Amino acid sequence: MLKGNGMAFVDATVLLDFVSSLAVLGLLVLGFSALAPALPNRWYVASGLGVFFGLVAGLQMSMPLSPTDGVIVDMRNVPVVLAGAFLGLRGLAVCVCITVAIRIGIGGVGVPAGITGTVIAGMIGYGWSQLQQHMNTKDVVKLIVLGLAMNLHMVSAFAAPAEIMRWYFTSAAPTVVMLNVICVPAIGWLLLREQNVVAQTSRLSASAPCDPVTRLLSLGAFSQEVAHLNASDTDNRVVGMMAVTLKNVAWLKRTWGEDAMALVLGVARLR
């Protein structure tokens, strides 16, 4: 992950590399926004996103930054900490397993430290996801806290040989801290925004008593109406249901378009 001598300061020559790495991290937002609506209801979605986050972490290992001569650093742990923060335990476990497997495949004396750092980053992200609900502050402050806490993964350097450990804390640590503080809140804010949009959409959908086009009651609203009817009059209770099945649904959609079914259901409701 890291090697070289000299102080680690970022100059203008690495700006393009930094933007490229940040763009790769932006893939996390695309994948999350596409699958996040199904995340609470489909067990396999978290695992699929975990695979995606793990592959992005592996991609980060293949495109490290070189902020100064002799220093090489990558942002592999950013997807890992975000997986812990937004994907839950299942997605985090998948992401960590893939990231660790790729790191072992790369090899080198830094494997123990790299694995330890990945596990710590994942634990930090998951711990933040449990605590941030109780933090009475703005989202941006919560994400800054996550970015700062992310730096705890640097204690994994103690698992490296003594010479590498000393170099890490004296030369590379400033760059690692800077990248964590910039990238984690930036990407995390976009993920949190998608998460809030999904939650708000779900609340609005749940609050709607009927479909806006057909005016048919939703399943929840229908169940409540039946319960209210049964409770209001003990002499008149719902004793059965009749299901009306529309035939030639495929023909209707093919001939008259996707909106034809909504129109037919609305007419059936009136009849």
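Structure first, text after, so check above.
Residue positions are given per chain, counted from 1 along the sequence in the order it is written. The predicted nature of this model means local features are confined to residues of pLDDT at least 70 and side-chain atom pairs, given and counted, to a pLDDT of 80 or more, with totals for whole chains, interfaces and linings taken over all residues. With hydrogens and water stripped out, all remaining heavy atoms of the structure feed into the side-chain values.

With respect to the nonpolar core
Counting residues in each nonpolar core, the largest one holds 50 residues, and the members touching the most others are Phe53 and Leu82. In this text, helices come from DSSP runs of H or I with a minimum length of four residues, and strands from runs of E with a minimum of two, each type numbered from the N-terminal end. When residues of this core are assigned to their parent elements, the largest contribution, 13 residues, is made by helix 7 (residues 162-207). Only heavy atoms enter the contact rule, under which two residues are in contact if any of them lie within 4.5 Å. Each residue touching leucine 82, except ones within four places of it in the same chain, is listed here: Leu28, Phe53, Leu87, Leu146, Val184, Ile187, Gly188 and Leu191. We define a nonpolar core as any set of buried Ala, Val, Leu, Ile, Met, Phe, Trp, Tyr and Cys residues linked to one another through side-chain atoms lying within 4.5 Å. Residue exposure (1.4 Å probe, protein chains only): buried if accessible area is under 20% of the type maximum, exposed if over 50%, otherwise partly exposed.

A few points about a nonpolar patch on the surface
A cluster of nonpolar residues, Val140, Val141, Ile144, Val145, Leu148 and Val181, forms a patch on the protein surface that exposes about 440 Å² of accessible area. At five residues, helix 6 (residues 139-149) tops the list of elements feeding residues into the nonpolar patch. Classification of isoleucine 144 by relative accessible area gives partly exposed; the value is 40%. Patches here: salt-bridge-free residues with over 30% relative accessible area, like charges joined within 9 Å, nonpolar side chains (Val, Leu, Ile, Met, Phe, Trp, Tyr) joined within 5 Å. Computed by Shrake-Rupley with a 1.4 Å probe, the accessible areas treat only the displayed protein chains as cover when residues are assessed. Here, a salt bridge means any Lys or Arg side-chain nitrogen found within 4 Å of an Asp or Glu carboxyl oxygen.

A word on the layout of surface pockets
Cavities and pockets were defined on a 1 Å grid built from protein atoms only: a cavity is a group of points that admits a 1.4 Å probe but offers it no way out, a pocket is an open group of points flanked by protein on both sides within 12 Å along at least five of seven lines, and a lining residue is one with an atom within 4 Å of any such point. Grid points are joined across faces, edges and corners, and a volume is the space filled by probe spheres set on the points. Taken as a whole, the second largest pocket encloses approximately 360 Å³ of empty space. Taken together, 20 residues make up the lining of the second largest pocket; nearest its centre are Phe32, Leu39, Pro40, Phe86 and Gln195. Of all elements in the fold, only helix 3 (77-86), helix 5 (111-131) and helix 7 reach the threshold of two or more residues within the lining of the second largest pocket. Examining the composition of the lining of the second largest pocket, we find that four residues originate from one element, helix 7, more than from any other. Here the term charged refers only to Asp, Glu, Lys and Arg, the term nonpolar to Ala, Val, Leu, Ile, Met, Phe, Trp, Tyr, Cys and Pro, and the term polar to all other amino acids, Gly among them. Looking at side-chain class alone, the lining of the second largest pocket contains 11 nonpolar, nine polar and no charged residues.

Regarding helix 6
Among the residues of helix 6, Lys142, Leu143, Leu146 and Gly147 are the ones counted as buried. The arc that holds the buried residues of helix 6, viewed along the axis, is 140°, so those residues lie on one side. Within this analysis, the arc is defined by the directions that extend from the helix axis to the C-beta atoms.

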